[in-house]
Each structure stands twice: as C-alpha cells, then as structure tokens.
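# Results of the structural survey
Residue-level listing of the chains:
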Amino acid sequence: MYKNLLPIGSVVLLRGGTKRVMICGRIQARAGSDRIYDYSACWYPEGITRPDEMFFFDRDAVETVFFVGFQDKEELDFRAAVLDRLGELEVRDGRIVSKGQV
C-alpha cells in the first residue's frame with residue numbers, strides 16, 4: 001500500500017499547483033484528523049516557516065517530480081523494513097496505528 005513512496009527532500013509540483021513543494025514527511029495525519037496522507041510537505045525553497053502552511057497529499061496528487069530526495073543505505077533499509085511492509089492504517093487517539101491493533 002505504501003510501497004515506492006518518494007524519499008524525504010523530494011521536490012514536486014502538485015496537480016493544479018503553481019509552486020513546488022518539498023516532501024518533509026511520509027505516512028502523515030493532520031492534527032485533529034482521522035485521514036492518513038502519503039506525504040506532508042512545505043514550500044520549496046522556503047522550507048517550514050509556519051505549521052499552518054504544511055501540505056498533506058497522496059501520491060496521486062503529484063503532477064511532476066523535479067528532484068528525488070537523498071537515498072542512502074539508511075533510507076533503503078527504512079523503506080524495506082517499514083514503508084514497504086505497512087498494511088492498512090488508521091488514526092486512533094491521535095496516533096497512526098495498524099488497523100485491528102489493540
């Protein structure tokens with residue numbers, strides 16, 4: 001379900017957007033929401049200037065990838081050990097957990 005997510009630092013343009021954003025989080029939930037998004041991002045090149053300017057979106061909203069973020073052994077191991085193995089998730093008590101987890 002979460003295989004092949006872009007790494008942190010990737011710079012993309014969202015469908016219908018006019019300014020690029022930089023991915024700064026994966027498998028994210030907006031505070032107070034039960035929806036889980038593939039990514040969170042901030043303006044590029046400004047970075048995170050205010051928390052209320054963060055973007056939350058899924059991979060299908062990406063129109064163009066301008067830069068793929070840094071990928072080293074640590075990123076590849078994280079992807080194999082965590083991201084590629086994630087099943088269905090939900091937000092419970094403000095935390096992202098596997099569905100059915102007690």
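Every value quoted in this text rests on a predicted model; they were computed, and no experiment measured them.

## Here's the deal with the pattern of salt bridges
Under the defined criterion, the tally for this structure stands at eight salt bridges. Between Glu-46 and Lys-19 there is a salt bridge whose closest N-O contact spans 3.3 Å. Highlighted residues: Glu-46 in the loop between β3 (36-43) and β4 (55-57) and Lys-19 in the loop between β1 (11-14) and β2 (21-29), separated in sequence by 27 residues. Since its relative accessible area comes to 46%, Glu-46 is described here as partly exposed. Where Arg-26 meets Glu-75, a salt bridge forms, and the shortest distance between an N and an O atom there is 2.8 Å. Here Glu-75 lies in helix α1 (residues 73-81) and Arg-26 lies in strand β2, a separation of 49 residues in the sequence. Exposure class is identical for Arg-26 and Glu-75. Each is buried. Taken together, the shared-partner salt bridges connect Arg-26, Glu-75 and Arg-79 into one network.

## Considerations on the pairing of β2
Examined bridge by bridge, β1 and β2 share two bridges and lie antiparallel to one another. When the sheet's bridge partners are listed, Val-12 is paired in β2 with Val-21. Hairpin connection between β1 and β2: a loop of six residues separates the two successive antiparallel strands, and Gly-16 in this loop has a positive phi of roughly 85°. Bridge analysis of β2 against β3 gives seven bridges, and the strand direction is antiparallel. Within β3, the residue paired with Val-21 across the bridge is Trp-43. What sits between the antiparallel neighbours β2 and β3 is a turn of six residues, in which Gly-32 has the positive phi angle 80°.

## Here we look at the environment of Val-91
Structurally, Val-91 can be placed in strand β6 (residues 89-92). Distance from Val-91 to Pro-7, taken between C-alpha atoms, is 22 Å for residues 84 residues apart in sequence.

## Observations concerning the sheet that holds strand β5 (residues 62-67)
Strands sit in the order β4-β3-β2-β1-β5 across an open sheet of five strands; the sheet is antiparallel. Each edge of the open sheet is held by one strand with a lone partner, namely β4 and β5. Going from strand to strand, the sheet's axes swing by 40° on average, the running direction of each strand aside. The sheet contact formed by β3 and β4 spans three bridges and is antiparallel. Among the inter-strand pairings, Ser-40 is bridged to a residue of β4, identified as Phe-56.

## Details of unusual backbone geometry
Residues other than glycine predominantly adopt negative phi, and peptide bonds predominantly adopt the trans conformation. The omega torsion of the bond from Tyr-44 to Pro-45 falls at 10°, within 30 degrees of zero and hence cis. Mapping Pro-45 onto the fold places it in the loop between β3 and β4. Of note, the phi angle at Ile-27 is positive, near 55°, even though the residue is not glycine. Assignment of secondary structure puts Ile-27 in strand β2.

Reading the values: the criteria
- Residues numbered from 1 in each chain as written.
- Predicted model: local features only at pLDDT ≥ 70, side-chain atom pairs only at ≥ 80, totals over all residues.
- Heavy atoms only, no water.
- Salt bridge = Lys/Arg side-chain N within 4 Å of Asp/Glu carboxyl O.
- Helix = DSSP H or I, 4+ residues; strand = E, 2+ residues; numbered from the N terminus.
- Buried < 20%, exposed > 50% of the residue type's maximum accessible area, 1.4 Å probe, protein only.
- Pairing = 2+ DSSP bridges.
- Axes fitted to C-alpha atoms, helices over the stretch in contact; angles between N-to-C directions.

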